[in-house]
Amino acid sequence: MKYNFDQVIDRTGTDAIKLEGMKEIWGRTDLLPLWVADMDFATPPFVLEAIQRRCEHPILGYTAKTEAYYQSIVNWVRDRYGMEITSEELNFVPGIVAGLGMAINCFTEPGDKVMIMPPVYGPFFWLNSRNGREIVECPMILEDGHYRMNLDFLRSHEENVRLLILCNPHNPGGVVWKKEELEELADICAENNILVFSDEIHADLTLPPYKHLPFAMVSKKARNNSITFMAPSKAFNMPGLAASHTIIFNKVLRKQFETYLAAGELNFGHLFAFEAVKAAYAHGTEWLDQCLEYIVKNIDYVEDFLKTHTPKIKAMRPQASFLVWLDCREMGMTQKELNDFFVEEAGLALNDGESFGKEGIGFMRLNVASPRSVMEQAMRQLEAAYKKRFTE
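Small disclaimer: the values here were computed from a predicted structure and weren't measured.

## Comments concerning the side chain of glutamine 319
1) Next: Positionally, glutamine 319 belongs in the loop between strand E11 (314-316) and strand E12 (323-327).
2) Next: Contact partners of glutamine 319, with chain neighbours within four places excluded, come to His146, Gly174, Val175, Val176, Thr206, Leu207 and Tyr210.

Put into structure tokens, the structure is as follows:
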């Protein structure tokens, strides 16, 4: 490989959340951190070089979003997904969670119903509850080791729902939604005036042979009744730059959101974000392809290891992302016992499955975007703890 993903990088002293957050959550700092969804691979050199070049100028002043910034996104989604957009259909937002919160407040009112599909990314819960929206849960169906949408439930609970937040691809579980599911979802939502926010931050991390389909490309109904949220932050390991964007085809929706953002300069952005996005999308294809290849090999390793050494823990193989959803229900533990097992006995910091909704009870989420040596250490620690509990 041209790029080195085996390099172990010490993140101590960088205020990394995955390190600093352990004390608050678990009361200790000696765990192997495999929880926060960023990667332990070096941010691509062409991104760092772009930022460094800009820092050579002695003034870091107010910075405009140039046509080159917009065009880098236009080119990326066209080349990666066959998605034709214009710069006018784009808006900068300072992170997808922040952007979702802004859009929730723009398009709904306190007390409105917002539907989510658990188990799902934790902020989908608190973004709505903290903003006074009523959450309607549409639990997914676990079938043959993978999730599918419960569209019958959606039909029966659509009354007065104003908004549906779609995770596309889905987190956790790494599901790349089938076109038929997305088409049916688009039809139901359009017919019932339910606006769709499609969070597609994991799109660029879709693993071969799967292909990501942006929700807005599914049909005219989807195109006219949705807001797409995308970012290079997950794929190119630069979430600290808070560089995300929306794609809105519907002119009325776009105008409404632009007016909301402009009222507080919420889409102003910053110079490092613009430089990083341009560099990532202009030069990132080879790096990303190699990164995905490495992640697939890590997933293979973890999946095979669990089958051989800890058979009561089963990996739900992701179709997208570096996040592996671990089914631990055969261990026969309560969720507290399960969390204690991973922390106190295995010395591993993973995401608590219940944080993704009650449907996540019995599960844990593992981040495998680390050098192989780190994953091997994690598996050794897990095996040692497992063997003290279970004898085969």
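## Concerning the packing of helix H4 (residues 96-107) against helix H5 (residues 123-130)
1) Next: One can describe the packing of H4 onto H5 by two numbers: an axis separation of 10 Å at closest approach and a directional angle of 35 degrees. The two elements H4 and H5 cross, and the hand of that crossing is right-handed. Within the contact between the two elements, H4 uses Val97, Leu100, Gly101 and Ile104 and H5 uses Pro123, Phe124, Trp126, Leu127 and Asn128.
2) Next: In terms of residue class, the contact of H4 with H5 is made up of seven nonpolar, two polar and no charged.

## Concerning the pattern of salt bridges
1) Next: Scanning all chains against the criterion turns up 27 salt bridges.
2) Next: Close ionic contact of arginine 28 with glutamate 344 constitutes a salt bridge, the shortest N to O distance being 3.0 Å. Of this pair, arginine 28 sits in the loop between helix H1 (17-26) and strand E1 (32-33) while glutamate 344 sits in helix H12 (residues 335-345); the two residues are 316 residues apart in sequence, bridging distant segments of the chain.
3) Next: What makes arginine 28 partly exposed here is its relative accessible area of 22%.

## Details of the pairing of strand E4 (residues 134-137)
1) Next: Of the pairings in the sheet, the one linking strand E3 (residues 113-116) to E4 comprises four bridges and is parallel in character. Looking at the pairing, valine 114 lines up with isoleucine 135 of E4.
2) Next: Since E3 and E4 lie parallel, the crossover through H5 that links them has a hand, and here it is right-handed.

## A word on the packing of aromatic side chains
1) Next: Scanning all chains against the criterion turns up 22 aromatic pairs.
2) Next: Here tyrosine 62 and phenylalanine 268 contribute two aromatic rings whose centre-to-centre distance is 5.9 Å and whose plane-to-plane angle is 85 degrees, an arrangement assigned as edge-to-face. Here phenylalanine 268 lies in the loop between helix H9 (251-263) and helix H10 (271-283) and tyrosine 62 lies in the loop between helix H2 (45-55) and helix H3 (67-81), a separation of 206 residues in the sequence.
3) Next: Relative accessible area serves as the criterion here: at 81%, tyrosine 62 is assigned to the exposed category.
4) Next: With a centroid separation of 6.4 Å and an interplanar angle of 80 degrees, the aromatic rings of phenylalanine 236 and tyrosine 281 are classed as edge-to-face. Of this pair, phenylalanine 236 sits in the loop between strand E9 (226-230) and strand E10 (244-247) while tyrosine 281 sits in helix H10, placing them 45 residues apart in sequence.
5) Next: Looking at phenylalanine 236, the relative accessible area reads 0%, which means it is buried.
6) Next: An aromatic cluster is present here, built from Phe5, Phe41, Trp76, Phe236, Tyr281, Trp287 and Tyr294 joined pairwise through their rings.
7) Next: In this structure, arginine 130 packs its charged tip against the face of tryptophan 126, placed 4.1 Å from the ring centre.
8) Next: Seen from the ring of phenylalanine 249, arginine 223 lies directly overhead, with NZ or CZ sitting 3.8 Å from the centre.

## Observations concerning the pairing of strand E15 (residues 363-367)
1) Next: Most of E15 is tucked away: five of the five residues are buried.
2) Next: Where burial is concerned, the two faces of E15 agree: the one with Phe363, Arg365 and Asn367 and the one with Met364 and Leu366 are both buried.
3) Next: Note that E12 and E15 share five bridges and pair antiparallel. For leucine 323, the partnering residue across the bridge sits in E15 and is asparagine 367.
4) Next: Alignment of strand E14 (residues 351-352) against E15, held across two bridges, turns out to be antiparallel. Across the sheet, the residue bridging to aspartate 352 is methionine 364, located in E15.

Definitions and limits used
Residues numbered from 1 in each chain as written. Predicted model: local features only at pLDDT ≥ 70, side-chain atom pairs only at ≥ 80, totals over all residues. Heavy atoms only, no water. Helix = DSSP H or I, 4+ residues; strand = E, 2+ residues; numbered from the N terminus. Contact = heavy atoms within 4.5 Å. Axes fitted to C-alpha atoms, helices over the stretch in contact; angles between N-to-C directions. Left-handed = near helix turned anticlockwise from the far one by under 90°. Nonpolar A, V, L, I, M, F, W, Y, C, P; charged D, E, K, R; others polar. Salt bridge = Lys/Arg side-chain N within 4 Å of Asp/Glu carboxyl O. Buried < 20%, exposed > 50% of the residue type's maximum accessible area, 1.4 Å probe, protein only. Pairing = 2+ DSSP bridges. Right-handed = clockwise from strand over helix to strand, strands pointing away. Phe/Tyr/Trp six-rings, centres within 6.5 Å; stacked < 30°, edge-to-face > 60°. Lys NZ or Arg CZ within 6 Å of the ring centre and 35° of its normal.

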